[in-house]
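# Notes for the structure review
Listed here are the chains, written in short residue letters.
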Amino acid sequence: MPDQPLDLPLEKTPRHVAIIMDGNGRWAISRGLPRLAGHKAGTENLRRIIRASVEFGVKYLTIYAFSTENWGRPPEEVDGLMHILEDVIDRELAELDKEGVQLRHIGRLERLAPTLQEKVLDAIDATRNNNRLILNVAFNYGGRDEIVQAIQHMMKDGVQPEKVTDEMVSQYMYTAGVPDPDLIIRTSGELRVSNFLIWQAAYSEWYITPTFWPDFNKEEYRHALQVYAQRNRRYGGISNVVANKSNG
Ligand code: IPE
Ligand code: IPE
Ligand code: MG
């Protein structure tokens, strides 16, 4: 069957989509598989969702792959997740590059093995001129950690308190220069933010689905974007329709 187009007016397509890729473990357990099999399946799915993002015209995609809290998992799982990141770079980089994907990292690299850090930095460097899709990989990322670092940097730079503005704080975040996420998708049904983009998500729309991440396919992604397109983003104001009515 040929692919259906997204069928949304361009201005209704979110520019920046962020995804909390949750539920790999439960996906695996429900099939009697080890948790790591769930992470592998989740990675396979990621490749599909990256391609769909390019096709749907999303410009920025931020994916939550490993949080600052995920270090608290059993060492075998943490190790497995590190290896998956390494494998993904090895196997997917050439293809992503060909498709015009620019890879970026948000979070702290310091705690990763030096060889892995180098691999990440090389991948970022190799794709830096691509601009079809900016893919921010949140790995060893924590929203509070990001804010703490931003404050530390501002203080080190000697920024005077009265000079601190909303825009300046944004410029001190890992996501400096990237528009805030329009839509945040969380799979597997949990109703929490889990320390993801807590500054940037101030006015993001949410799409939360019970689907486990490995099963979140292109069709549901399309549906999420269509649901987003129906939302009325008011930013604390009143809707255009109501405003126009009361004006006229
Ligand atoms: C998300 O899946 C992936 C990571 C956090 C690395 P989980 O591993 O959290 O899966 P559940 O929530 O236990 O099912
Ligand atoms: C959030 O999922 C982190 C990632 C998807 C990488 P978690 O599974 O770690 O979040 P909690 O523990 O359910 O809040
Ligand atoms: Mg989880």
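All of the points below concern the structure found in this document.

Rules used throughout
- Residues numbered from 1 in each chain as written.
- Chains lettered and ligands numbered in written order.
- Predicted model: local features only at pLDDT ≥ 70, side-chain atom pairs only at ≥ 80, totals over all residues.
- Heavy atoms only, no water.
- Helix = DSSP H or I, 4+ residues; strand = E, 2+ residues; numbered from the N terminus.
- Rg over C-alpha atoms; globule rule 2.2 N^0.38 Å.
- Near = heavy atom within 4 Å.
- Polar contact = N/O pair within 3.5 Å; in protein donor to acceptor, adjacent residues only side chain to side chain.
- Areas by Shrake-Rupley, 256 points an atom, 1.4 Å probe, with all protein chains shown as cover.
- Nonpolar A, V, L, I, M, F, W, Y, C, P; charged D, E, K, R; others polar.
- Expected span 1.5 Å × (residues − 1).
- Buried < 20%, exposed > 50% of the residue type's maximum accessible area, 1.4 Å probe, protein only.
- Contact = heavy atoms within 4.5 Å.
- Core = buried A, V, L, I, M, F, W, Y, C linked by side-chain atoms within 4.5 Å.
- Pairing = 2+ DSSP bridges.
- Axes fitted to C-alpha atoms, helices over the stretch in contact; angles between N-to-C directions.

## Details of the overall build of the chain
Scanning the chain for helices and strands turns up 8 helices and 6 strands. For the chain, the sequential pattern of α-helices and β-strands runs β-α-α-β-α-β-α-β-α-α-β-β-α-α. In terms of overall dimensions, the chain is globule-like: its C-alpha atoms have a radius of gyration of 19 Å, near the 18 Å expected for 248 residues. The principal-axis extents of the C-alpha atoms in the chain amount to approximately 65 × 60 × 35 Å.

## Some details on the site of ligand 2
Taken together, Ile20, Met21, Asp22, Tyr64, Ala65, Phe66, Asn70, Arg73, Arg186, Arg192 and Ser194 make up the full set of residues near ligand 2. In the model, an oxygen atom of ligand 2 is placed 3.2 Å from a nitrogen or oxygen of the Arg73 side chain. For ligand 2, an oxygen atom lies 3.5 Å from a polar atom in the side chain of Arg186. Considered on its own, ligand 2 offers 390 Å² of accessible surface; in the complex 79% of this is hidden by protein. Ranked by residues supplied to the shell around ligand 2, first place goes to strand β2 (residues 60-67) with 3 residues. A class-by-class count of the residues in the shell around ligand 2 yields 5 nonpolar, 2 polar and 4 charged.

## Details of helix α7 (residues 218-230)
For α7, with 13 residues, the first-to-last C-alpha span of 19 Å sits near the 18 Å given by 1.5 Å per residue. Of the residues making up α7, those classed as buried are Glu220, Tyr221, Arg222, Ala224, Leu225, Tyr228 and Ala229. Summarising the contacts, the buried residues of α7 are in contact with β1 (16-20), α2 (35-56), β2, β5 (183-187) and β6 (205-209).

## Details of the site of ligand 1
Looking at ligand 1, there are 13 residues lining it, with Asp22, Gly25, Arg26, Arg35 and Arg73 nearest. Interatomic distance of 3.2 Å between a backbone N/O atom of Asn24 and an oxygen atom of ligand 1. A distance of 2.7 Å separates an oxygen atom of ligand 1 from a polar atom in the side chain of Arg73. Notes on ligand 1: free accessible area 370 Å², of which the protein chains cover 87%. Within the residue set of the shell around ligand 1, elements represented by two or more residues are α1 (24-29), α2 and α3 (75-98). Counting residues per element, the shell around ligand 1 draws most heavily on α1, which supplies 3 residues.

## So, the nonpolar core
The biggest cluster of nonpolar side chains holds 43 residues, and the ones touching the most others in it are Leu61, Ile185, Tyr221 and Leu225. Sequence-distant contacts of Tyr221, that is, excluding residues within four places in its chain, are made with Val17, Ile49, Ala52, Ser53, Phe56, Val58, Leu61, Ile185 and Phe216. With 10 residues, the next largest nonpolar core counts Ile106, Ala138, Phe196 and Leu197 among its residues.

## Structural notes on the sheet that holds strand β3 (residues 101-106)
Strands sit in the order β3-β4-β2-β1-β5-β6 across an open sheet of 6 strands; the sheet is parallel. The open sheet terminates on both sides in strands that have one partner only, identified here as β3 and β6. Strand-to-strand twist in this sheet, taken as the mean axis angle between neighbours without regard to direction, amounts to 20°. For β2 and strand β4 (residues 133-141), the ladder comprises 7 bridges, and the chain directions are parallel. Bridge pairing in β4 places Phe66 opposite Phe139. Set on the sheet, α2 makes contact with β1, β2, β3 and β4; between it and β4 the angle comes to about 145°.

Read these as geometric descriptors, not functional statements.
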